[in-house]
Amino acid sequence: MQRRVYMDHAATTYTKQEVLDEMLPYFKEIYGNPSSVHGFGREARKAVDLARERTAAALNVSPEEIYFTSGGTEADNWAIKGVAWANKERGNHIITTSIEHHAVLHTCQYLEKMGFEVTYLPVDSYGLVYPEQVKEAITDKTILISVMFANNEIGTIEPIKEIGQIARERGIYFHTDAVQAVGHIPVDVKDMNIDLLSLSAHKFYGPKGVGALYIRKGVKLHPFIHGGAQERNRRAGTENLPGIVGLGKAIELAVSNLEENSKRLTAMRDRLISGVLNSIENVRLNGHPTKRLPGNANFSFEFIEGESLLLSLDMKGIAASSGSACTSGSLDPSHVLLAIGLPHEIAHGSLRLTLGDDNTDEDIDYVLEVLPGIVKRLREMSPLFAQHKGGKHYV
Amino acid sequence: MEREIYLDNAATTPVHPDVAEAVMECMLHDFGNPSSLHRMGLRAEKKLKETRERIASALGVDPEGVFFTSGGTEANNLAIIGTALARKREGRHCITTKVEHPSVLNTFKYLEKEGWEVTYLPVNRDGVVSPDDVRRAIRPDTVLVSIMHVNNEIGSIQPVQEIGRLLKAQGNSPVFHVDAVQSFGKLDIKPVQWGIDLLSISGHKIHAPKGIGALYIRKGVKIHPLQWGGGQEKGVRSGTENMPGIVGFGEAVRWLEEEVDRGYLYRLKGILVAELTERVPSAVINGPPPEEGAPHILSVSFPGIRGEVMLHALEEKGVYVGTGSACSSRRGHMSHVLEAIGTKKDVAQGAIRLSLSYLNTEDEMRQTARIIGQCVKELEGFVRR
Ligand SMILES: Cc1ncc(COP(=O)(O)O)c(C=O)c1O
Ligand SMILES: Cc1ncc(COP(=O)(O)O)c(C=O)c1O
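Residues numbered from 1 in each chain as written. Chains lettered and ligands numbered in written order. Predicted model: local features only at pLDDT ≥ 70, side-chain atom pairs only at ≥ 80, totals over all residues. Heavy atoms only, no water.

Peer 1: Explanation requested: unusual backbone geometry in the structure shown.
Peer 2: Most peptide bonds adopt trans geometry, and most residues besides glycine take a negative phi value. Residues and elements named next belong to chain A. Even without glycine at this site, N60 takes up a positive phi of about 60°. Looking at the secondary structure, you find N60 in the loop between α3 (39-59) and β2 (66-69). The phi torsion at Y205 lies on the positive side, around 70°, for a residue other than glycine. Take Y205: it is sitting in the loop between β7 (196-200) and β8 (211-215). Note on Y205: relative accessible area 6%, which makes it buried. (Helix = DSSP H or I, 4+ residues; strand = E, 2+ residues; numbered from the N terminus. Buried < 20%, exposed > 50% of the residue type's maximum accessible area, 1.4 Å probe, protein only.)

Peer 1: So what exactly am I meant to see when it comes to the environment of B:K205 here?
Peer 2: Residue and element names in this part refer to chain B. Residue position: K205 is located in the loop between β7 (198-202) and β8 (213-217). Taking the C-alpha atoms as reference points, K205 and S173, separated by 32 residues in sequence, lie 31 Å from one another. For K205, the contacting residues outside a window of four places in its chain are A10, A11, T13, V181, Q182 and K186. (Contact = heavy atoms within 4.5 Å.)

Peer 1: What am I meant to see in helix α1 (residues 17-28) of chain B here?
Peer 2: Two residues of an α-helix separated by three or four positions point the same way, owing to the 3.6 residues in each turn. The end-to-end C-alpha distance of α1(B), which contains 12 residues, comes to 16 Å, matching closely the 16 Å that a straight helix rising 1.5 Å per residue would cover. The complete set of buried residues in α1(B) reads B:V19, B:A20, B:A22, B:V23, B:M24, B:C26 and B:M27. In this fold, the buried residues of α1(B) make contact with α1 (17-23) and α2 (25-28) of chain A together with α8 (243-259) of chain B. (Expected span 1.5 Å × (residues − 1).)

Peer 1: Just to check I follow, could you spell out the site of ligand 1 for this structure?
Peer 2: With respect to spatial proximity, 15 residues lie near ligand 1, and among them A:T73, A:D177, A:S200, A:K203 and B:T240 are the closest. Lying at an intersection of chains, ligand 1 is approached by residues of chains A and B. With respect to ligand 1, the backbone of A:G72 contributes an N or O atom lying 2.8 Å from an oxygen atom. A:Q180 places a side-chain nitrogen or oxygen 2.7 Å from an oxygen atom of ligand 1. In terms of residue count, the dominant contributor to the shell around ligand 1 is helix α4 (residues 72-86) of chain A (3 residues). Its residues placed into classes, the shell around ligand 1 shows 2 nonpolar, 10 polar and 3 charged. (Near = heavy atom within 4 Å. Polar contact = N/O pair within 3.5 Å; in protein donor to acceptor, adjacent residues only side chain to side chain. Nonpolar A, V, L, I, M, F, W, Y, C, P; charged D, E, K, R; others polar.)

Peer 1: Would you mind showing me how to read the interface of chain B and chain A here?
Peer 2: Interface extent is often summarised as the accessible area lost during association of the parts. Taken together, the contact pairs 64 residues of chain B with 67 residues of chain A. Where chain B touches chain A, the interface holds 2 salt bridges. B:R39 is the partner of A:D314 in a salt bridge, and the nearest nitrogen-oxygen pair spans 3.6 Å. When contributions to the side of chain B that touches chain A are tallied by element, the ones reaching two or more residues are α1, α2 (39-59), α3 (72-86), α4 (102-113), α8 and α10 (307-316) of chain B. Each residue belonging to the side of chain B that touches chain A can be placed in one class, and the counts come to 27 nonpolar, 26 polar and 11 charged. (Salt bridge = Lys/Arg side-chain N within 4 Å of Asp/Glu carboxyl O.)

Peer 1: Honestly, the pairing of β7(B) in this entry has me stumped. Any pointers?
Peer 2: Looking down a regular strand, the side chains alternate between one sheet face and the other. Residue and element names in this part refer to chain B. With 5 of 5 residues buried, β7 lies mostly within the body of the structure. In this structure, strand β6 (residues 175-179) lies alongside β7, joined through 3 bridges in parallel fashion. Residue D179 lies in a different strand from β7, and its bridge partner there is S200. Across 5 bridges, β7 lies against β8 in antiparallel orientation. Note that in β8 the partner of L198 across the bridge is I217. (Pairing = 2+ DSSP bridges.)

Peer 1: Teacher, can you tell me more about the site of ligand 2 here?
Peer 2: Around ligand 2, a shell composed of 16 residues is seen, among which A:T238, B:T73, B:D179, B:S202 and B:K205 lie nearest. Taken together, the residues near ligand 2 originate from chains A and B. Residue B:G72 places a main-chain N or O atom 2.8 Å away from an oxygen atom belonging to ligand 2. Sorting elements by how many residues they give to the shell around ligand 2 places α3(B) first, with 3 residues. Grouping the constituent residues of the shell around ligand 2 by class yields 2 nonpolar, 12 polar and 2 charged.

Peer 1: How should I be thinking about the sheet that holds strand β5 (residues 142-146) of chain A in this particular structure?
Peer 2: Strands in a sheet are paired, the pairing made by backbone hydrogen bonds, and the direction either parallel or antiparallel. Residue and element names in this part refer to chain A. Spatial ordering of the open sheet is given by β2-β8-β7-β6-β5-β3-β4, a layout of 7 strands whose pairing is mixed. Each edge of the open sheet carries a strand with a single partner, namely β2 and β4 (117-121). Each strand of the sheet is rotated relative to its neighbour by a mean of 20°, with strand direction disregarded. As paired strands, strand β3 (residues 93-97) and β4 are joined by 5 bridges and run parallel to one another. Of the residues in β4, the one forming a bridge with I95 is T119. Across the sheet, α4 is in contact with β2, β3, β5, β6 (173-177), β7 and β8; its angle to β7 comes to roughly 160°. (Axes fitted to C-alpha atoms, helices over the stretch in contact; angles between N-to-C directions.)

Peer 1: Help me out: how do you make sense of the packing of aromatic side chains in this one?
Peer 2: Ring pairs (aromatic) are described by centroid distance and by the angle formed between their planes. Counting across every chain of the model gives 13 aromatic pairs over all chains. With 6.0 Å between their ring centres and 80° between their planes, A:Y67 and A:W78 make a pair best called edge-to-face. Separated by 11 residues along the polypeptide, A:Y67 in strand β2 and A:W78 in helix α4 bring together distant segments of the chain. Of the two residues, A:Y67 and A:W78, both sit in the buried class. Taken together through their ring pairs, the aromatic side chains of A:Y6, A:Y14, A:Y205 and B:F31 make up a single cluster. A cation over a ring is seen here: A:K16 above A:Y205, with NZ or CZ 4.4 Å from the ring centre. Geometry around B:W116 places B:R92 over its ring, the cationic atom sitting 4.5 Å from the centre. (Phe/Tyr/Trp six-rings, centres within 6.5 Å; stacked < 30°, edge-to-face > 60°. Lys NZ or Arg CZ within 6 Å of the ring centre and 35° of its normal.)

Peer 1: What should I look at first to understand helix α9 (residues 264-279) of chain B in this one?
Peer 2: The end-to-end C-alpha separation of α9(B) is 23 Å, in line with the 22 Å expected for 16 residues at 1.5 Å each. Inspection of α9(B) places B:Y264, B:L265, B:L268, B:K269, B:I271, B:L272, B:V273 and B:L276 among the buried residues, and these make up the whole buried set.

Peer 1: Looking at this model, I keep getting lost on the sheet that holds strand β2 (residues 66-69) of chain B. Mind explaining?
Peer 2: All names here are of chain B. Reading across the sheet, the 7 strands line up as β2-β8-β7-β6-β5-β3-β4 and stay open at both edges, with mixed pairing between neighbours. Both outer strands of the open sheet, β2 and β4 (117-121), are each paired with one neighbouring strand and no more. When the angles between neighbouring strand axes are averaged without regard to direction, this sheet yields 20°. Contacts from helix α6 (residues 160-168) reach β5 (142-146) and β6, with the element oriented near 170° to β6.

This is the structure we're talking about:
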């Protein structure tokens, strides 16, 4: 049988057996509605409370500051719109970056239509945001700074602590989309002066459809979903009980094994990166060489369409991605790759391989074995390659 | 202790074993992100499509019109705020009833703060709104009418078919939204024939997991998205799809469509009501006569006994019931639904809600009536002392 290698963990991860085991009773046995006052409800409530405690412990915050949502997208939308509407008397200016996930970018664009002003900070060629630029962008109307913890496409880790400090000094709320970071790299909310933080379970071996927003005590923000009194009156809707239980278990597991896993993944990632750079010509690594997520490798191959590359890899049993999962299918090149200065044609030829717990050294060997041949074959079919041979290169 | 009898199915239901299996299978093996281009992604996308078709077929609508959400609450929020924002240039008046679920009422309260005007129609003693009242409330600037199909506290069934027809006869034709969270899977719903533009449903009321729901949007009806991002669900509702929830939802609907006898719940309710009225003649049924209400909801009060006391007494004997709606049951003030049907305060305070599912048995109905009878006797004695 053909080897199957899943290297798309930034799009989504499988759900771990320990997590599933913990969720299972909450479907058929302890299925009460956490708002019900009887025993079934109380048991359900207890499970939600435990998950909240585990999540809080993982982030070094208190459980009352954790609010469960339907995922990372909802957490991002809530944080940004919630702060914008609740603080519009204080100002209408928001600072974010040009490499955020669409859950942040499109929410900010919506707010622009509603009369808010948004500064989209540029990044350098590694995808790094400069705290100095954040500081310079602040006006007396600034109510929110939203900078992602780590980028989902190129894996670059942003200087969150420095930006948090600036925001705190100026009394401006600081939100970070930590969907790609939580469970993979250390996140200490208190130490980093974070006011709002988004996370999503399916990025750290929990189930899809559940996430959380950390809201520091005292932060003013409007509810996003209206209705019953769930989540202490801030997020209505019957709680996704098994999902929340799964999130709690997954985050506990991820954080307790974080150092060890991160070391293992980083070593594999670096071997993959140097293997690709050494065996293939006209290729560049996107993102920062060291300030990057342990599992992330992102390359651009000249003269190649990323989609063809994906299909060829898929036929060899390798699941990868060209950009973020959400935008695949669209023909526009990734906004992140454009923001780090890649020309359109190079941005089109990019490949994201994101490693996870189930990958092994043999998986890396296998990718290194098949990738050069695929790249070579695709280039031979490319008219661009023929034209540009010996010509100008960007990499 | 005797076997446990779960009669709080309007709050939430146990997941059906076949559903649980499908959910597990999805998490273990088909864990791909439907937006991914590789095989794992395509497999997930296929499941997503199949489930959308299954739910569409249960409603008799076009699959293109089914949009997954995180539950009934989000579906109601999306329907109401989404319509209000999409049509704000045409008018800012909405119509609803006084007996809606908090996810509708509080969303309208929010719109009122933002400058919309909302008419809250009264209901009669049975909890039913009059189509004539709806007609009279319509103004040239009315953009949305939102009326629930089955009330979650007393089980009254609203004449949504008639209201849909009369709305379609209006010149400006306001968008018609129906919260069908309690009726889906229990009563017939025909959005197309009934002139319904938007319809909310939720998985955990029909033996699918919590945290999944859907909004049906008739083709051509404009909805402003609430949640922005990766453009999933055709941009109407961004966010990585809750695939296990979606697959579970589909399996539950399959089970309901293929294996369940729709008449069963009315039979159960009939037995429960007959036995209960025989054993406890003083019991007061709140809301519509049992045979006119929804098949799975019965609100009853026992004079002189507070609902919470009754609930805990029943719980000691292994019978789990609700008081009012689960969402507001922790707050302790009088139910807005019982208030709207003119229930006296002491009767309202005595209300418990018995809500059934296809997994309950006839024998459980008889046992429940017997146990309630016992509790009433014990508690009455206690009260008199
Ligand atoms: C950085 C980032 N933010 C937000 C999201 C959205 O989270 P979810 O998939 O839970 O909606 C994702 C993943 O898709 C992401 O990578
Ligand atoms: C009539 C009605 N509408 C909406 C809802 C909310 O649905 P969900 O619990 O999925 O958020 C409920 C249940 O709680 C309900 O009974």
